[in-house]
Amino acid sequence: MTVAAAVNETSPEKLLSPVLSAFWDQPESWTLETYRRHDGYQGLRKALAMSPDEVIAYVKDSGLRGRGGAGFPTGMKWQFIPQGDGKPHYLVVNADESEPGTCKDIPLLFANPHSLIEGMLIACYAIRSEHAFIYLRGETVPVLRRLHEAVREARAAGYLGRNVLGSGLDVDITVHAGAGAYICGEETALLDSLEGRRGQPRLRPPFPAVAGLYACPTVVNNVESIASVPAILNRGKEWFRSMGSEKSPGFTLYSLSGHVAGPGQYEAPLGITLRQLLEMSGGMRPGHRLKFWTPGGSSTPMFTDEHLDVPLDYEAVGAAGSMLGTKALQCFDETTCVVRAVTRWTEFYAHESCGKCTPCREGTYWLVQLLRDIEAGKGRMADLDKINDIADNINGKSFCALGDGAASPIFSSLKYFREEYERHITGKGCPFDPAASTVWADDTRTSHPEVHA
């Protein structure tokens, strides 16, 4: 894995800003001892010297925005929690990272879990919560074990439990492993799952800030959002705002994957471009060029090589026709069949649809049937307008954002690569060799040239 802290020293442009990833490459980076050596829990001490409302205002003034996809201001979300209502308040951290291409939270939790725990303590103090939950994707057992150990360490050191650091704050954290349902990444489906029910999106209003977990006021935040808070409290909101842009300040983790020479996590200020990230990571794999990429995972409209210089912040990516999402930069070269890629993504969304609403349940099913026909050479020209119409009937009309995510690659691939769809139909099959896009393809050609003669 590429660690931003290691890359920064060799980057001629010094564009990276390792904060969360600053010591991922050190021995036992996940332990409390290592975290303390790097100013661990100093942000908590500074927060406890302030009033809860002052902490909320400070995080709000820093400009920190949610790193889970929507980019909603974190401090504002905390501010929505009603005070003096006589009900318990809850913090729930969404660690159910499941979208194709998205891979930032799991490495963060594996390498530096205490940054999340400290951030949760600060958030609990701010919203007056005594119980917080981490909802983790259940398949990531090594991360689950590491989180349990980090919670144990924090409790033994007096950071968790009753009277945290003698402040009078009582906080406990429960680590909960989900069952691997992508839909539980949607915050209200996550809350239903956490309560022991089938994970399905809730009808809103009421919103979680009013009636969330156990019908009580609840804040649901992404892992990276909460883990970024301690550094803001410790180093200052002005320091945080010195990075990024005016409306998208700060640092974030960019997950570079696909046909690239140096895949991994690159922590940089918001506003860096894919061109800059590729230049510092070694570019595309040797002998190949970029064809298309996603700025925020498979649920965001794809970009092409024309968008290499789009600043990767919320406003610029939105203005260019996509969404920053989770900053999952999946890069595909010219050997990749767009129809094949979109079909695989759509199969994922059809499989993960909870079935609660008709547009998503039926729409994703029929998109898969039509896309499989097109990929196999059995499609008709009329099918292209048909999949566009089906996607339009899903987009904005489903119960949650899963339907919108399923429609995005349909719209964007037809916009930029309609001619490729047509070649599948007129040529009665896929014109691409699937083996050519594999990671071992070039080695195979070199050692066995007769195979591809």
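Being a predicted model, the structure only gives us computed values, none of them experimental.

**A few points about the overall build of the protein**
Here is step 1: A tally of regular secondary structure across the protein gives 20 helices and nine strands.
Here is step 2: Expected size for 453 residues packed as a compact globule is a radius of gyration near 22 Å; at 23 Å, the protein falls within 12% of this value.
Here is step 3: Considered along the principal axes of its C-alpha atoms, the protein spans approximately 75 × 50 × 40 Å.
Here is step 4: Out of the 453 residues in the protein, the part that is buried amounts to 58%.
Here is step 5: Summarising the internal contacts of the protein: among those between residues at least 6 apart in sequence, 69% fall at separations of at least 24.
Here is step 6: For the protein, the computed accessible surface area is about 18200 Å², with 53% contributed by carbon and sulfur atoms.
Here is step 7: In the protein, the 45 positive side-chain charges and the 54 negative ones have mean positions that sit 3 Å from each other.

**Examining the domain arrangement of the protein**
Here is step 1: Its domain assignment divides the protein into domain 1 (16-241), domain 2 (243-333) and domain 3 (338-437).
Here is step 2: Once you take the C-alpha centre of each, domain 1 and domain 3 turn out to be 36 Å apart.
Here is step 3: Taking both sides of the interface into account, the surface hidden between domain 1 and domain 3 amounts to around 970 Å²; carbon and sulfur atoms contribute 68%.
Here is step 4: Our count for the domain 1 to domain 3 interface comes out at zero salt bridges.
Here is step 5: Counting every contact that joins domain 1 to domain 3 gives three residue pairs in polar contact (both at pLDDT 80 or more).
Here is step 6: When the residues that make up the side of domain 1 that touches domain 3 are grouped by side-chain class, the tally is six nonpolar, four polar and four charged.

**Observations regarding the nonpolar core**
Here is step 1: Y41, W78, L91 and M120 are the most contacted members of the largest nonpolar core, which has 63 residues in total.
Here is step 2: With 10 residues, the single largest contributor to this core is helix α7 (residues 113-127).
Here is step 3: Both domains that meet at this core, namely domain 1 (16-241) and domain 2 (243-333), each give it at least three residues.
Here is step 4: W78 has contacts with V55, I56, V59, A123, A126, I127, V219, N221, I226 and V229, leaving out every residue within four places of it along the chain.

**Digging into the side chain of N222**
Here is step 1: Mapping N222 onto the fold places it in strand β4 (residues 218-222).
Here is step 2: Separated by 2.9 Å, the side chain of N222 and the backbone nitrogen of E224 make a polar contact.
Here is step 3: Contact partners of N222, with chain neighbours within four places excluded, come to R67, G68, V93, N94, K104 and D105.

**Comments concerning the pairing of strand β2 (residues 131-136)**
Here is step 1: Counting buried positions over the six residues of β2 gives five, a clear majority of the element.
Here is step 2: Of the pairings in the sheet, the one linking strand β1 (residues 90-95) to β2 comprises six bridges and is parallel in character. In the strand pairing of β2, Y90 is matched with H131.
Here is step 3: Bridge count between β2 and strand β3 (residues 172-177): six bridges; the pairing is parallel. Within β3, the residue paired with L136 across the bridge is A177.
Here is step 4: One crossover worth recording links β2 to the parallel β3 by way of helix α8 (residues 141-156), and it is right-handed.

**Remarks on the environment of G68**
Here is step 1: Relative to the assigned elements, G68 resides in the loop between α4 (52-62) and α5 (74-79).
Here is step 2: Assessed through its relative accessible area of 42%, G68 is described here as partly exposed.
Here is step 3: Note: C-alpha distance between G68 and T102 (34 residues apart in sequence) is 10.0 Å.
Here is step 4: If we ignore the near neighbours within four places in the chain, the residues touching G68 are N222, S225 and T326.

**Some points on the sheet that holds strand β5 (residues 251-258)**
Here is step 1: Pairing is mixed across the open sheet formed by five strands, whose spatial order is β6-β5-β9-β7-β8. The sheet terminates laterally at β6 (264-269) and β8 (303-304), the two strands that pair on one side only.
Here is step 2: Pairing geometry for strand β7 (residues 290-294) and strand β9 (residues 328-333), over four bridges, is antiparallel. Bridged to T294 within β9 is Q330.
Here is step 3: Packing against the sheet, helix α14 (residues 274-281) makes contact with β5, β6, β7 and β9, and its axis sits at approximately 65° to β5.

**Here's the deal with the packing of aromatic side chains**
Here is step 1: Under the counting rule described, the total for this entry stands at 16 aromatic pairs.
Here is step 2: Judged by centre distance (4.9 Å) and plane angle (65°), the rings of Y182 and F348 are edge-to-face. With a gap of 166 residues between them, Y182 in the loop between β3 and α9 (187-194) and F348 in helix α16 (residues 338-352) connect regions that are remote in the sequence.
Here is step 3: Their ring planes at 80° and their centres at 5.5 Å tell us that F240 and F251 sit as a pair that is edge-to-face. Taken together, the positions of F240 in helix α13 (residues 237-241) and F251 in strand β5 put the pair 11 residues apart, joining distant regions of the chain.
Here is step 4: Using a relative accessible area of 0% as the deciding quantity, one classes F251 as buried.
Here is step 5: What links up through ring pairs into an aromatic cluster is the set F23, Y35, Y41 and Y159.
Here is step 6: Against the face of W30 rests R146, its NZ or CZ located 3.6 Å from the ring centre.
Here is step 7: Lying across the ring of F110, R146 places its NZ or CZ 3.8 Å from the centre.

Reading the values: rules and limits
Residues numbered from 1 in each chain as written. Predicted model: local features only at pLDDT ≥ 70, side-chain atom pairs only at ≥ 80, totals over all residues. Heavy atoms only, no water. Helix = DSSP H or I, 4+ residues; strand = E, 2+ residues; numbered from the N terminus. Rg over C-alpha atoms; globule rule 2.2 N^0.38 Å. Buried < 20%, exposed > 50% of the residue type's maximum accessible area, 1.4 Å probe, protein only. Contact = heavy atoms within 4.5 Å. Areas by Shrake-Rupley, 256 points an atom, 1.4 Å probe, with all protein chains shown as cover. Lys, Arg positive; Asp, Glu negative; His and termini not counted. Charge placed at Lys NZ, Arg CZ, Asp CG, Glu CD. Domains from an automatic or database assignment. Buried area = accessible area lost by both parts, 1.4 Å probe. Salt bridge = Lys/Arg side-chain N within 4 Å of Asp/Glu carboxyl O. Polar contact = N/O pair within 3.5 Å; in protein donor to acceptor, adjacent residues only side chain to side chain. Nonpolar A, V, L, I, M, F, W, Y, C, P; charged D, E, K, R; others polar. Core = buried A, V, L, I, M, F, W, Y, C linked by side-chain atoms within 4.5 Å. Pairing = 2+ DSSP bridges. Right-handed = clockwise from strand over helix to strand, strands pointing away. Axes fitted to C-alpha atoms, helices over the stretch in contact; angles between N-to-C directions. Phe/Tyr/Trp six-rings, centres within 6.5 Å; stacked < 30°, edge-to-face > 60°. Lys NZ or Arg CZ within 6 Å of the ring centre and 35° of its normal.

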